[in-house]
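Descriptive structure summary
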Amino acid sequence: MNILIIGSGGREHALAWKIKQSPLCKNLFVAPGNAGTSLVATNVPIAVDDFSNLGSFCVENKIELVVVGPEGPLVKGVRNFFADDERLKNILMVGPGRDGAQLEGSKDFSKQFMLKHQVPTARAKTFYSHQTKEAQEYLSALQPPYVLKADGLAAGKGVVIAPTLAEAKEAIREMLEEKKFGDASAKVLIEEFLDGIELSVFVLCDGRHYVILPEAKDYKRIGDNDQGPNTGGMGSVSPVPFADKAFMKKVEERVIIPTVNGLQQEGIDYKGFIFIGLMNVKGDPFVIEYNARMGDPETQSVMMRIKSDLAELFVACAKGELKNKPLEIDPSVALTVVMAAGGYPDHYEKGKVISGLDQGKAQVFHAGTKSREGKIISDGGRVLAVTGKGNDIGEAIANSYETVQKITWENSYFRKDIGQDLLRLSK
Ligand code: AMP
Ligand code: GLY
């Protein structure tokens, strides 16, 4: 079959790399893609939210399956657009409609959903733009640190964790009154702080049934030892040692089943990924957030561990046939190190020539890259995601960094400590 992946990051390169291995896949396209996706697929210069051109492309190229990578087009309703068009409505799609994507698109919606369907989560209260004073009074009654969340999509930057009451009061004022995150912070949630270790759990859902994919840990901060500002993610590891059978059983019973059943009860026919950001609080899972897509750079580690045919799973997902679908997982450890442009997540430069690709053993997924005159150049903040494998975490670290050390461009940056916390735990 002909397959189209929508997106242009490391996540999409990893999805393309894996789908390309399926005997079901005839022609693979990525819109708009990057220099890495062009190695395994044909890039199509159409923006992720240009639904009308994406639709025409699908008709002209007899696309039978569309896989949506990022949240933007999901929240904007790419599934609804296809469903409403006679020519497109029979194309299979992995990615929920506008209704399901609200799990990610509105933190207020997802909080109310969790409360209603008894999914364990932090207590929270929502405030609107005219309620700065009430919000500040509410903060005064809480203990530090304070968690403030803009309701809407804010490119991963909408969460503020304020260590003192004064900072929290100022932050809420900036969010509500000055619209620090634009319309995304027209509503803000003040949430109880959860103290624990985070992990990302991924579920492929067909509306009624689900398959649990390998879990992963993300390294969100820019600096070693989790210092500095939040980023989209600077590294990932799968599996996560503390996500043992007992913990994952709690996750399935307390979180995944009520979530999938809750979606059905709400009349949401959810066909796509549910990315569950969890906090392990003394052995119990609490949901921090849902996303309606896979994580980046978690996908890169997760794809390296899935042995089953991904295209076959996606078709089953889109057709509502995931029941009893087996998933074969490689027990080895996959570890991703993100190589970024120096200065990311703030100001950084693009257009630097990258050298040393193809010299190491690890798989190099491209994120922000493009080809120019036969060379590969940097074209974003997160540029590459280098994923190595090993029989244990130590070996995976060694294999990934061996490849990372061979790749250079002017002012490149990467964290040196991806996986070190898990290595310490394993000793
Ligand atoms: P989010 O954008 O929802 O992923 O949040 C960004 C980060 O803020 C998360 O990855 C957590 O590290 C942290 N965070 C969010 N909510 C909470 C909470 N209730 N307690 C502690 N940390 C949180
Ligand atoms: N790595 C976190 C995310 O994709 O949201």
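Before reading further, recall that the structure is shown in the block above.
Predicted model, so just to flag it, every value in this text is computed and none were measured.

Parameters and conventions
- Residues numbered from 1 in each chain as written.
- Chains lettered and ligands numbered in written order.
- Predicted model: local features only at pLDDT ≥ 70, side-chain atom pairs only at ≥ 80, totals over all residues.
- Heavy atoms only, no water.
- Near = heavy atom within 4 Å.
- Polar contact = N/O pair within 3.5 Å; in protein donor to acceptor, adjacent residues only side chain to side chain.
- Areas by Shrake-Rupley, 256 points an atom, 1.4 Å probe, with all protein chains shown as cover.
- Nonpolar A, V, L, I, M, F, W, Y, C, P; charged D, E, K, R; others polar.
- Patch = residues over 30% accessible without salt bridge, like charges linked within 9 Å, V, L, I, M, F, W, Y side chains within 5 Å.
- Salt bridge = Lys/Arg side-chain N within 4 Å of Asp/Glu carboxyl O.
- Helix = DSSP H or I, 4+ residues; strand = E, 2+ residues; numbered from the N terminus.
- Buried < 20%, exposed > 50% of the residue type's maximum accessible area, 1.4 Å probe, protein only.
- Pairing = 2+ DSSP bridges.
- Axes fitted to C-alpha atoms, helices over the stretch in contact; angles between N-to-C directions.
- Contact = heavy atoms within 4.5 Å.
- Parallel < 35°, antiparallel > 145°, perpendicular 65-115°, else oblique.

With that out of the way, let us pick up the site of ligand 2. The environment of ligand 2 is formed by Asp 218, Lys 220, Gly 232, Phe 275, Arg 293, Gly 295, Asp 296, Pro 297 and Glu 298. Here an oxygen atom of ligand 2 and a side-chain polar atom of Arg 293 are 2.9 Å apart. In isolation ligand 2 has 200 Å² of accessible area, and contact with the protein removes 88% of it. Classifying every residue of the shell around ligand 2 gives two nonpolar, two polar and five charged.

A cluster of nonpolar side chains, namely Val 159, Ile 161 and Phe 193, defines an oily patch on the protein surface of about 230 Å² accessible area. Inspection of the secondary structure assignment puts Ile 161 in strand S8 (residues 159-162).

The next point concerns the environment of Asn 261. Inspection of the secondary structure puts Asn 261 in helix H10 (residues 245-265). The partly exposed category is assigned to Asn 261, whose relative accessible area is 35%. In this structure the C-alpha to C-alpha distance between Asn 261 and Gly 207, which are 54 residues apart in sequence, comes to 8.9 Å.

Right, let's talk about the environment of Leu 54 for a bit. Mapped onto the elements, Leu 54 comes out in helix H3 (residues 51-60). The buried category is assigned to Leu 54, whose relative accessible area is 1%. Each C-alpha atom of the pair Leu 54 and Asp 244 lies 41 Å from the other, and the pair is 190 residues apart in sequence.

Taken in spatial order, the four strands line up as S11-S10-S16-S17 in an open sheet, and their pairing is antiparallel. With partners counted over all chains shown, the strands left at the sheet margins are strand S11 (210-212) and strand S17 (284-291), one partner each. Averaged over neighbouring strand pairs, the angle between their axes works out to 30 degrees when direction is ignored. With ten bridges joining them, strand S10 (residues 197-206) and strand S16 (residues 271-281) adopt antiparallel strand pairing. Directly across from Val 203, in S16, lies its bridge partner Ile 274. Set on the sheet, H10 makes contact with S10, S11, S16 and S17; between it and S17 the angle comes to about 40 degrees.

Bringing the pattern of salt bridges into the picture now. What the rule picks out here adds up to 29 salt bridges. In this structure, the salt-bridge partner of Arg 123 is Glu 192, at a minimum N-O distance of 3.6 Å. On the criterion of sequence distance, the pair formed by Arg 123 in the loop between helix H7 (107-116) and strand S6 (124-128) and Glu 192 in the loop between strand S9 (187-191) and S10 is long-range, its members being 69 residues apart. With a shortest N-O distance of 2.8 Å, Asp 417 and Arg 415 are connected by a salt bridge. The pair Asp 417 / Arg 415 is uniform in exposure class, with both members buried. One network of salt bridges, in which partners are shared, links Glu 71, Glu 104 and Arg 293.

Okay, the environment of Glu 192 next. Relative accessible area serves as the criterion here: at 32%, Glu 192 is assigned to the partly exposed category. Spatially, the C-alpha atoms of Glu 192 and Asn 34 are 40 Å apart, while their sequence positions differ by 158 residues. Setting aside chain neighbours within four positions, we find Glu 192 in contact with Ala 122, Arg 123 and Val 147.

For a regular strand, side chains alternate in direction, first toward one face of the sheet and then toward the other. Among the six residues of strand S4 (residues 63-68), five are classified as buried, and the element is accordingly described as predominantly covered. Bridge analysis of strand S1 (residues 2-7) against S4 gives five bridges, and the strand direction is parallel. Each residue of the ladder has a partner; that of Leu 4, found in S4, is Val 66. Here S4 pairs with strand S5 (residues 92-94) via three bridges, running parallel. By the bridge assignment, Leu 65 is partnered in S5 with Leu 92.

In this section: the packing of helix H6 (residues 98-105) against H7. Viewed as axis vectors pointing N to C, H6 and H7 meet at an angle of 95 degrees, and their least axial separation amounts to 6 Å. Taken together, the axes of H6 and H7 are roughly perpendicular relative to one another. Facing H6, whose interface residues are Asp 99, Gln 102, Leu 103 and Gly 105, H7 presents Lys 107, Phe 109, Ser 110 and Phe 113. The residue makeup of the contact of H6 with H7, split by class, is three nonpolar, three polar and two charged.

At a minimum axis separation of 8 Å, helix H1 (residues 10-19) and helix H12 (residues 310-319) run at an interaxial angle of 105 degrees. With respect to their mutual orientation, H1 and H12 come out roughly perpendicular. Across the interface between the two elements, Leu 15, Lys 18 and Ile 19 of H1 pack against Leu 310, Ala 311 and Phe 314 of H12. Considered class by class, the residues forming the contact of H1 with H12 number five nonpolar, no polar and one charged.

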